[in-house]
Amino acid sequence: MVLYTTPFPNSCLSALHSVSWALIFPCYWLVDRLVDRLVASFLLTAYERRQRGDDSCYLQVLCTALFTPIYLALLVAALPFAFLGFLFWSPLQSARRPYIYSRLEDKGPTGGEALLGEWKGTGAGKSFCFATANLCLLPDSLARLNNLFNTQARAKEIGQRIRNGAARPQIKIYIDSPTNTSISAASFSSLVSPQSADGGARAVPGSIKRTASVEYKGDGGRHPSDEAANGPASGDPADGGSLEDACIVRIGGEEGGRPPEADDPATGSQARNGGSGGPRSQTPNHNQRDGDSGSLGSPSASRESLVKARAGQDSSGGGDPGANSKLLYKASVVKKTATRRRRHPDEAFDHEVSAFFPANLDFLCLQEVFDKRAAAKLKEQLHGYFEYILYDVGVYGCRGCCSFKCLNSGLFFASRYPVMDVAYHCYPNGRSVDGLASKGALFLKVQVGSTPQDQRIVGYIACTHLHAPPEDSAIRCEQLDLLQDWLADFRKSTSSSSAANPEELVAFDVICGDLNFDNCSSDDKLEQQHSLFTRYKDPCRLGPGEEKPWAIGTLLDTNGLYDEDVCTPDNLQKVLESEEGRREYLAFPISKSPGGGQKGRKDLLKGNGRRIDYMLHAEEGLCPDWKAEVEEYSFITQLSGLTDHLPVAMRLMVSAGEEEV
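As a starting point, this report considers the structure included with it. (Residues numbered from 1 in each chain as written. Predicted model: local features only at pLDDT ≥ 70, side-chain atom pairs only at ≥ 80, totals over all residues. Heavy atoms only, no water.)

Thoughts on a nonpolar patch on the surface
Condition: Nonpolar side chains (Val, Leu, Ile, Met, Phe, Trp, Tyr) are joined into patches within 5 Å and like charges within 9 Å, using only residues with over 30% relative accessible area and no salt bridge. Each accessible area is a Shrake-Rupley result for a 1.4 Å probe, and residues are judged covered by the shown protein chains and nothing else. Whenever Lys or Arg places a side-chain nitrogen within 4 Å of a carboxyl oxygen from Asp or Glu, that contact is recorded as a salt bridge. We call a residue buried when its accessible area falls under 20% of the maximum for its residue type, exposed when it is over 50%, and partly exposed in between, using a 1.4 Å probe and counting protein chains only.
A contiguous nonpolar surface patch, about 480 Å² in accessible area, is contributed by L16, F83, L84, L87 and F88. Relative accessible area serves as the criterion here: at 41%, L84 is assigned to the partly exposed category.

Things to note about helix α11 (residues 473-494)
Put simply, the test is: We count a stretch as a helix when DSSP gives it H or I for four or more residues in a row; a strand needs E for two or more, and each element gets its number in order from the N terminus. What a helix is expected to span follows from its residue count: subtract one and scale by 1.5 Å.
Between the first and last C-alpha of α11 there are 31 Å, a value that for 22 residues agrees with the 32 Å anticipated at 1.5 Å per step. Of all the residues in α11, the buried ones are S473, I475, R476, C477, Q479, L480, L483, W486, L487, F490, R491 and T494.

Here's the deal with helix α14 (residues 569-576)
Operational definition: Whether two residues are in contact is decided by their heavy atoms: any pair within 4.5 Å suffices.
Burial within α14 is extensive, with six of its eight residues counted as buried. Where α14 is concerned, the buried positions are P569, D570, L572, Q573, V575 and L576. Residues of α14 that are buried in the fold lie against α6 (151-166), β7 (350-354) and α15 (579-585).

So, the nonpolar core
Heads up, the rule is: Nonpolar core, defined: a set of buried Ala, Val, Leu, Ile, Met, Phe, Trp, Tyr and Cys residues in which side-chain atoms within 4.5 Å join the residues together.
Judged by nonpolar contacts, the single largest core of 95 residues is most densely connected at F130, F363, V419 and F508. Per-element tally for this core: the top contributor is strand β14 (residues 504-514), with seven residues. The residues touching V419, leaving out its near neighbours within four places in the chain, are L3, Y101, Y388, L390, F413, L444, K445 and V446. Membership of the second largest hydrophobic core comes to 30 residues, among which are A131, I158, L366 and A375.

Topic: the packing of aromatic side chains
As a reminder, the rule being used: Here a pair means two rings of Phe, Tyr or Trp (six-membered ring of Trp) with centres within 6.5 Å. Their orientation is stacked below 30 degrees between planes, edge-to-face above 60, and tilted elsewhere.
Counted by the stated rule, this structure contains 29 aromatic pairs. Plain terms: the ring middles of F86 and F404 are 6.1 Å apart, the flat faces sit at 50° to each other, and that makes the pair tilted. Here F86 is found in helix α3 (residues 57-92), whereas its partner F404 is found in the loop between β9 (388-391) and β10 (412-415), with 318 residues between them in sequence. Taking 5.1 Å as the distance between ring centres and 80° as the angle between the ring planes, the aromatic pair formed by F130 and F508 counts as edge-to-face. Placement of the pair is F130 in strand β2 (residues 126-137) and F508 in strand β14, with a sequence separation of 378 residues. F508 shares its class with F130; the two are buried.

Here's the deal with a negative patch on the surface
The test is simple: This count recognises Lys and Arg as positive and Asp and Glu as negative, with His and chain-terminal groups excluded. The atoms used to mark charge sites are NZ of Lys, CZ of Arg, CG of Asp and CD of Glu.
The grouping of E478, D481, D485 and D489 at the surface amounts to a negative patch. Considering the arrangement of structural elements, one finds D489 in helix α11.

Brief notes about the environment of W89
Quick note on the threshold: In the analysis that follows, any N or O atom pair within 3.5 Å is treated as a polar contact, provided that within protein one partner can donate a hydrogen and the other can accept it, and provided that, for residues neighboring in sequence, both atoms belong to side chains.
Within the fold, W89 resides in helix α3. Residue classification places W89 among the buried positions, given a relative accessible area of 7%. Residues W89 and I24, spaced 65 residues apart in sequence, show a C-alpha to C-alpha distance of 8.7 Å. Those residues within four positions of W89 in sequence are excluded, and the remaining contacts are H17, S20, W21, I24, Y396, G397 and F404. A polar side-chain atom of W89 sits 3.5 Å from a polar atom in the side chain of H17.

Re the sheet that holds strand β15 (residues 536-537)
As a reminder, the rule being used: Strands are labelled as partners when DSSP assigns at least two bridges between them. Helix axes use the C-alpha atoms of the stretch in contact, all axes being lines fitted to C-alpha atoms, and the angles between their N-to-C directions lie in the range 0 to 180 degrees.
Within the open sheet, the six strands sit side by side as β11-β12-β13-β14-β18-β15. Their pairing is mixed. The strands lining the two open edges of the sheet, one partner per strand, are β11 (419-426) and β15. Pairing geometry for β15 and strand β18 (residues 613-618), over two bridges, is antiparallel. Considered in β18, the bridge of Y536 is made with A618. Here α11 sits on the sheet and contacts β11, β12 (440-450), β13 (456-465), β14 and β15; the angle it forms with β12, its principal contact strand, is near 40°.

Some points on the pairing of β2
By the criterion of burial, β2 is predominantly enclosed, with twelve of the twelve residues buried. Here β2 shows a buried face lined by K126, F128, F130, T132, N134 and C136 and a second buried face lined by S127, C129, A131, A133, L135 and L137. Where β2 meets strand β20 (residues 648-655), seven bridges bridge the pair, whose relative direction is antiparallel. Paired with A131 across the two strands is A649, which belongs to β20. Of the pairings in the sheet, the one linking β2 to strand β8 (residues 363-369) comprises six bridges and is parallel in character. In the sheet register, A131 faces β8, and the bridge partner there is L364.

Comments concerning the sheet that holds β8
With mixed pairing, eight strands are arranged side by side in an open sheet as β1-β9-β10-β8-β2-β20-β19-β7. At either end of the open sheet lies a strand with only one pairing partner, and these are β1 (100-103) and β7. The mean angle between the axes of side-by-side strands here comes to 15°, regardless of whether they run parallel or antiparallel. The pairing of β1 with β9 spans four bridges and is classified as antiparallel. Note that in β9 the partner of R103 across the bridge is Y388. Against the sheet, α6 touches β2 and β8, its axis set at about 165° to β2.

Quick notes on the packing of α6 against helix α10 (residues 372-382)
Worth spelling out the cut-off: We call two directions roughly parallel when the angle between them is under 35 degrees, roughly antiparallel when it is over 145, roughly perpendicular when it lies between 65 and 115, and oblique otherwise. Crossings are assigned a handedness: left-handed for a near helix turned anticlockwise from the far helix by less than a right angle, right-handed for a clockwise turn.
In the contact formed by α6 and α10, the axes pass within 8 Å of each other and the chain directions differ by 20°. It follows that α6 is roughly parallel to α10 by the angle criterion. Relative to α10, α6 is oriented so that their crossing is right-handed. For the pair α6 and α10, the contacting residues are T151, Q152, A155, K156, I158, G159, Q160, I162 and R163 in the first and R373, A374, K377, L378, Q381 and L382 in the second.

Given below as structure tokens:
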């Protein structure tokens, strides 16, 4: 299948569309600014109220009164041009393609083509990591209704945080204590205990640095503009392994303290982990703020951070001059399910509230990336880690849907693996405000490997965003029916295999997105019992209306987005780990009974908030004898203050039914 790299089939239509949009855009921008200023005069975001402090509200009213006539005059002047542009723009939408595919080719060891050679469908299996998030990247005037603002700046910051979080080395620390199952500072200090010259254990000094995600920039996380700012990164691990299989821990110790599995020191690896002892440069265009460890190198520690254990040099010790040299050790990631030690023995997989996006993130599904300029900024940032991106997904005008569409679908997809086929469908039953956006489903087929017999190993991913108004359960159920039908048609139309001649092996089938209903509200019973949940498994769900105890809501209470207790990823992580904090800062179902508002409902409800962002995976329809099992599930706080949703991530282990020899 040919993937569309431009929105129109020829340059003539593209040029005509550019001209028409150039005529429309000034009017669009002025309307957004005018409405935003008028709304801001009586509806400030919590962040703006905190920034202005004791400033008189009369100043804001004066500015609004002063600039409103100017905006109105410019708007009146721009209207004739916008009308002329609309006459050309509207009919052009019938020829517009439903998405734009972008590839920033990476021929390095983390590029998509190189990743295909990592797994041949044999051995212990391969893990794949998925994440989904609703970003609320709307025009400023609409984002304000969700207590958010400055969409363009948020888009850039979100891209940087995701890129830096995903580019971290993957590190796993399991504690043997039967009573303490948390990853604490003690576990970091006990990670390595170099031996002294006399053979006894030497204590590691307490100066363990827990690095924020932005401070690590591996090859996979290097932004295109970073090379010019920071110089090219060079070198690979000595054994040629990827960051997926190891994280690097630098230790100042003697040769006698080297773990049995450690590799030889390699200067090339130091380039990945900032081998020089000097301070590591920040990501370009990144504003430094104290306490924001989600995107900045702040002193606040996170339990997901990198660890750099430094042992002091033994000034009195003799021996080999190289004994005190810095060594690079490799902490292996044990992927064989049978031998993994889990943090939660009562559950089949690990689960946590994490301050970072998971390391080695493979696939990213985003919703509500409605603003075109914000989508372009997000794409530019994410291309520093993801090689393949689809954006501006959806239709405009009256094409393919019953009502006129002013906004696209808001769907956005990024992948480290090559995309083979794509399809998009618009839900035809949207209404009211939701009907102005072409909400739908994006279906993708990706290649993740190949067998020694040249059979392609593929996976299917569906990204969707359902109807939002809470009273429209019937509409959402119809959309879930359409989602299943479209997905079945997509698999059938893109499959090149037959039972007699299997040219492709299906490794996974995943659905992710914002479904706009939860599994604890009595008002959502219709959706909770939908047949989708018999075909696909929800790792957080016990049954209709019954969640697993550790599952938490993904919709934040917008009134508290900028409170000091939750304004940084670390703070929000700590708050959400307590029941009291969840009741304070997560959104709960709104009671329809008189006097049963959000606050009163929280006191009555025993759940952990509204979980409306889902990650589902199929256990059937895969390659025979293959099995896909959840290895990790996490609720992510790295985008605190940037969106009103919690991103979620799932690491799926695909095993080929063969034991590792």
